Amino acid sequence: MIKAIQQKLNSGMGKDVIWTFVLQITIMLCSFAITKLLASRLSIDDFGQYNVVKRSVQVLSFVMLAGVGIALPRYIPLYRHDNPPQRIVPLLGASLIYIIGVSLTVLTICMLFSSQMQHFIIGQSDNMGLLLVALGYAFALAMAQVVYAYYRGTGDFKWYNGTQLAVQLAIVLPLILLPALTVSSVFISWLIITSLLVSFFLGRELWQRRNSLFPISTPDSPVSSHLKTIVKYSSGRLVADFFLFSLAAFPLIYISNTQGLQSTAYYSVGITFVTMVTPVFSFMGIILLPYVSECIAKHEHRTADRFVRHLALLYLGASLLAIAVLYLFMDFLTSLLFTDSYLVTADITRIMILSILPQAIYLLYRNPIDAVSVIPYNTIILGICLAGMVAGFALSTTLTQFAWAYLIISCLQGLLSFLTWQVIKK
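Reading the values: the criteria
Residues numbered from 1 in each chain as written. Predicted model: local features only at pLDDT ≥ 70, side-chain atom pairs only at ≥ 80, totals over all residues. Heavy atoms only, no water. Helix = DSSP H or I, 4+ residues; strand = E, 2+ residues; numbered from the N terminus. Contact = heavy atoms within 4.5 Å. Areas by Shrake-Rupley, 256 points an atom, 1.4 Å probe, with all protein chains shown as cover. Buried < 20%, exposed > 50% of the residue type's maximum accessible area, 1.4 Å probe, protein only. Axes fitted to C-alpha atoms, helices over the stretch in contact; angles between N-to-C directions. Parallel < 35°, antiparallel > 145°, perpendicular 65-115°, else oblique. Left-handed = near helix turned anticlockwise from the far one by under 90°. Nonpolar A, V, L, I, M, F, W, Y, C, P; charged D, E, K, R; others polar. Phe/Tyr/Trp six-rings, centres within 6.5 Å; stacked < 30°, edge-to-face > 60°. Lys NZ or Arg CZ within 6 Å of the ring centre and 35° of its normal. Arc of directions from axis to C-beta. 1 Å grid on protein atoms, 1.4 Å probe; cavity = no way out; pocket = protein on both sides within 12 Å on 5 of 7 lines; lining within 4 Å. Points joined across faces, edges and corners; volume = space filled by probe spheres on them.

Draft legend 1. Structural context of the overall build of the protein chain. Along its length, the protein chain carries 17 helices and zero strands. Expressed as a percentage of contacts within the protein chain between residues at least 6 apart in sequence, the contacts between residues at least 24 apart total 81%. About 18800 Å² of surface is accessible on the protein chain, with carbon and sulfur atoms providing 69% of the total.

Draft legend 2. Focus on the side chain of T163. One can find T163 in helix α8 (residues 157-177). You can call T163 buried: its relative accessible area is 1%. Once residues lying within four places of it in the same chain are set aside, the contact partners of T163 are V147, Y148, Y151 and F201.

Draft legend 3. Broad picture of the packing of helix α3 (residues 44-65) against helix α7 (residues 128-154). Viewed as axis vectors pointing N to C, α3 and α7 meet at an angle of 50 degrees, and their least axial separation amounts to 8 Å. One finds that α3 runs oblique with respect to α7. α3 and α7 meet at a crossing whose hand is right-handed. When α3 is examined against α7, the residues Q49, V53, V57, L60, S61, F62, M64 and L65 are found in contact with a partner set consisting of L130, A134, L135, Y137, A138, F139, L141, A142, Q145 and V146. A class-by-class count of the residues in the contact of α3 with α7 yields 15 nonpolar, three polar and no charged.

Draft legend 4. Layout of the packing of aromatic side chains. Summed over the entire model, instances satisfying the criterion amount to 24 aromatic pairs. Their ring planes at 70 degrees and their centres at 5.8 Å tell us that Y365 and F418 sit as a pair that is edge-to-face. Of this pair, Y365 sits in helix α15 (residues 356-372) while F418 sits in helix α17 (residues 399-424); the two residues are 53 residues apart in sequence, bridging distant segments of the chain. Here the aromatic cluster, defined as three or more aromatic residues joined through ring pairs, consists of F47, Y50, Y137, F187, W190, Y266, F273, F338 and Y342. We note R204 situated over the ring of W159; from NZ or CZ to the ring centre the distance is 3.5 Å. Directly above the ring of Y327 sits R350, whose terminal nitrogen or CZ lies 5.4 Å from the centroid.

Draft legend 5. Just helix α13 (residues 330-337), in detail. Considered for burial, the residues of α13 that qualify are M330, L333, T334 and L337. Buried residues of α13, viewed axially, fall in a sector of 105 degrees; they line one side.

Draft legend 6. Highlighting empty space enclosed by the protein. A full pass over the atoms with the stated rule returns two cavities of 30 Å³ or more. Its boundaries defined by the atoms lining it, the second largest cavity holds a volume of some 30 Å³. The wall of the second largest cavity is formed by T35, F47, Y50, N51, K54, R55 and T272. The dominant element in the lining of the second largest cavity, judged by the number of residues it contributes, is α3, at five residues. Across the lining of the second largest cavity, the residue classes tally to two nonpolar, three polar and two charged.

Rendered as C-alpha cells:
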C-alpha cells in the first residue's frame, strides 16, 4: 500500500496535488492576514461595509466571467486530446469576446440603475465613486480568473497556483503600507495592483504564443463556432456562478439592510471562518475538472469515478477535523484573526462552521458534474439553494436564526450535489 501511495505521489497528478495543496494553504494564510489587518485597522461599521462590498464584487466578477472559468478547464483538455488535436487559441479568443460582451452588459445595467445598485453593492446610496471602483475591481478579478482557468486547463498547476499567490501577496502590501485605511482606499489599491499583475501574466502568455496567435479564425475552424461552443456550455454556468456567490453575498447584504452594519460585521465572522477553510477543499476540484474531462476524452469513466469516491472519504475526514479544531479554539482564533470586540460572535460562529462539511461535499462533486454533463445541473442545485436561503432569511429575525438558515441551506447544497453525481455518473 505504501508503495502504491508513493507511486501516486511521484506521478504527474500526484505532484500537481502536492504543489496545489501547499500553495493553496499559503493563499489561505494570506487571507487570514488580510482579514486580521482589516479587522484591526477598520472600525466595526467600516469592516461590515468592506464585507458587503467584497461579497458583491465576487458576485459581479463571476457574472462578468460568464462561466468561462469552468469552460476553459473543460474544453482545453478536450481540444488537446482530440484526434487530431485542435488549436486552443480560437477558443481563448472566443472566450474573451464573450466575457467582454457580458461585462459591458453588466456595466450598462449598473449605470442605468445606479441608485439601486449602490444600495445593494456597497450598502450606501450616495457613493458613486465606490460603485465605479467596485465594478472596475470586479472586471479585474474576472480577467484574473481567465488567467487561472487557462493555466488550470493546460495542466500548468505551478503557474496556476503561483499567479494566485502573487496576487494575494501583492494586495497585502497596501494594508501594511497605507498610513490610513478606508473602504475606498482598500479597493482602489487592490484594483490597481490586480490590473497590473493580470496585464503582466496575459502579456507573458501572448508573447510566448506569438507565433501561434494568428490566424485566430480559419475557414475550417471559424471563431464563431468556438464562440457557440463557449456560449452553449458557459451560459448555464454563468447563472450558476451568480447563484453560488449570491449565496455568499446575500446574507451580508440582507443583514446590512435589515440589521445594520454592526450586525453585518458580527455575522461576517462566521462566514469568514467558513470561506477561509473551504478553499482547502476546493483545491482538488482545481485538478479534478480537467482530469475528469481528460478521462472522458480517453473513455476512462470508471477511473474517474473511483478517484472521486476515494476523495469523498478524504474530504469527510478533513472537514470533520477542521470543524473540531475551529469549534474547540473558537475564542482564541476569533481574537487572533479579528479583535476581542468580536468574541460576542462565538455562539453563532459555532453554528455556521458546521456548514464546512456539506460545502466540502459540494465542492468535491461540482467539478465532475460539470465535466461529465453539458446540462448545468449545478445551476439547478444552486438556484434551489438560493431560493431556500431567501425564504429562510425572510423568516428569521435574529443573528442566531440567520446562522441556522445558513447551515440548513449548506446541508441542502451538499446533499443535492451528492445525489446528482450518483445519478449522472451512470
